[in-house]
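# Overview (structure and organization)
Chain by chain, the residues:
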Amino acid sequence: MPVNRLSFLTQLIELFTSTVAYEERLDNFVYLVTRNLKVDSTLFFGLDKSRATLFLSADSRRTSTKPRLEFPLGQGIVGATAQKRTPVINQARQPEFREGNTALLNIFQDIQTLAGFPVADDNFLYGVLLVVDKDYRDYSQQEQETVLIACRMLAGNIRQALLHEEAKKRIAELAVLFDVAKAVGSTMELNAILERVVSIS
């Protein structure tokens, strides 16, 4: 059954405009993808700060312990999707299905279809959405476009979260500088000023 694009995107808009924390929003996102696409699991792999490795950040199965899964850029379906920045769909009957995906297939057994979608905006790649299915599945053009729209929405949300964290960091740094300036400009003895500066920083 094809995905109901309007219903799916409406749910995503409600999610991304909610007040829940970023991590919870990410968990709910992969859950909504799984439910609306009617697949077995959905994973999100975030790109690390070195922009060389993608690591598992969210799992729709919501298990108590998240498996440690990492893909170097260009390796496996996740790394290939990140490198190409286009959807990559592999099925078990294809020779490249297992290439670079051993760790993933050890966790998800009897999988027939893996579909990777880049989570990116016009400038940056933030990660890869991996959809896992135990059935052979051919994604229609409309389904691929719908998932890519969802990924674009997620990329915007991640960008806002990163900007928010950067703003908090800058505010904290400015507060420290302000306190240091106050201490230096006061009439306190030099030793007392130095102690104050050390305690602030």
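First things first, this report covers the structure right here in the doc. (Residues numbered from 1 in each chain as written. Predicted model: local features only at pLDDT ≥ 70, side-chain atom pairs only at ≥ 80, totals over all residues. Heavy atoms only, no water.)

## So, the overall build of the chain
Scanning the chain from N- to C-terminus turns up 6 helices and 6 strands. Beginning at the N terminus, the succession of helices and strands in the chain can be written as α-α-β-β-β-α-β-α-β-β-α-α. Looking at the chain as a whole, 42% of its 201 residues are labelled buried. For the chain, the computed accessible surface area is about 11600 Å², with 53% contributed by carbon and sulfur atoms. (Helix = DSSP H or I, 4+ residues; strand = E, 2+ residues; numbered from the N terminus. Buried < 20%, exposed > 50% of the residue type's maximum accessible area, 1.4 Å probe, protein only. Areas by Shrake-Rupley, 256 points an atom, 1.4 Å probe, with all protein chains shown as cover.)

## With respect to the packing of helix 1 (residues 5-16) against helix 2 (residues 22-37)
Relative to each other, helix 1 and helix 2 sit at 170 degrees, their axes nearing to 10 Å. It follows from the interaxial angle that helix 1 and helix 2 lie roughly antiparallel. Taking contact as the criterion, the partners of F8, Q11, L12, L15 and F16 in helix 1 are, on helix 2, R25, N28, F29, L32, V33, R35 and N36. (Axes fitted to C-alpha atoms, helices over the stretch in contact; angles between N-to-C directions. Parallel < 35°, antiparallel > 145°, perpendicular 65-115°, else oblique. Contact = heavy atoms within 4.5 Å.)

## A few points about the nonpolar core
The nonpolar side chains of a soluble globular protein tend to be buried, and buried together. Formed by 28 residues in total, the largest nonpolar core has its most connected members in F29, F44, V119 and L129. Only helix 1, helix 2, strand 5 (113-120), strand 6 (125-133) and helix 5 (141-184) provide two or more residues apiece to this core. Setting aside its immediate chain neighbours within four residues, F29 contacts L12, L15, F16, L129, A150, C151 and L154. Within the second largest apolar cluster, 22 residues are counted, among which are F45, L69, F108 and L125. (Core = buried A, V, L, I, M, F, W, Y, C linked by side-chain atoms within 4.5 Å.)

## As for helix 3 (residues 76-84)
Where burial is concerned, most of helix 3 is hidden: 7 out of the 9 residues are buried. Within helix 3, burial applies to G76, I77, V78, G79, A80, T81 and A82. Buried residues in helix 3 make contact with strand 1 (41-47), strand 2 (53-59), strand 3 (70-72), strand 4 (88-91), strand 5 and strand 6. At the C-terminal side of helix 3, R85 shows a positive phi close to 60 degrees.

## Considerations on the packing of aromatic side chains
In this structure the tally under the stated criterion is 3 aromatic pairs. Considering the side-chain rings of F45 and F71, the 5.5 Å spacing of their centres and the 85 degrees angle between planes classify their relative orientation as edge-to-face. Of this pair, F45 sits in strand 1 while F71 sits in strand 3, and the two are 26 residues apart along the sequence. Of the two residues, F45 and F71, both sit in the buried class. Directly above the aromatic system of Y136 lies the positively charged group of R93, at a separation of 4.2 Å from the ring centroid. Taking the ring centre of Y139 as reference, the NZ or CZ of R137 above it sits at 4.8 Å. (Phe/Tyr/Trp six-rings, centres within 6.5 Å; stacked < 30°, edge-to-face > 60°. Lys NZ or Arg CZ within 6 Å of the ring centre and 35° of its normal.)

## Regarding the sheet that holds strand 4
Strand order across the open sheet formed by 6 strands is 3-2-1-6-5-4, with antiparallel pairing between neighbours. Bordering the open sheet on either side are strand 3 and strand 4, each of which pairs with just one other strand. Geometrically, the sheet is characterised by an average inter-axis angle of 25 degrees between neighbouring strands, direction not taken into account. The pairing of strand 5 with strand 6 spans 8 bridges and is classified as antiparallel. (Pairing = 2+ DSSP bridges.)

## Details of the side chain of E143
With respect to the helices and strands, the residue E143 is situated in helix 5. The buried category is assigned to E143, whose relative accessible area is 6%.

## Focus on the pattern of salt bridges
Counted by the stated rule, this structure contains 7 salt bridges. Here R137 makes a salt bridge to E143, at a shortest N to O gap of 2.8 Å. Residues joined in a network through salt bridges with shared partners are D133, R137 and E143. (Salt bridge = Lys/Arg side-chain N within 4 Å of Asp/Glu carboxyl O.)

## Overview of unusual backbone geometry
Although it is not a glycine, K38 adopts a positive phi angle of roughly 60 degrees. Mapping K38 onto the fold places it in the loop between helix 2 and strand 1. With phi around 60 degrees, D110 is a residue other than glycine that occupies positive phi space. Mapped onto the fold, D110 is located in the loop between helix 4 (102-107) and strand 5.

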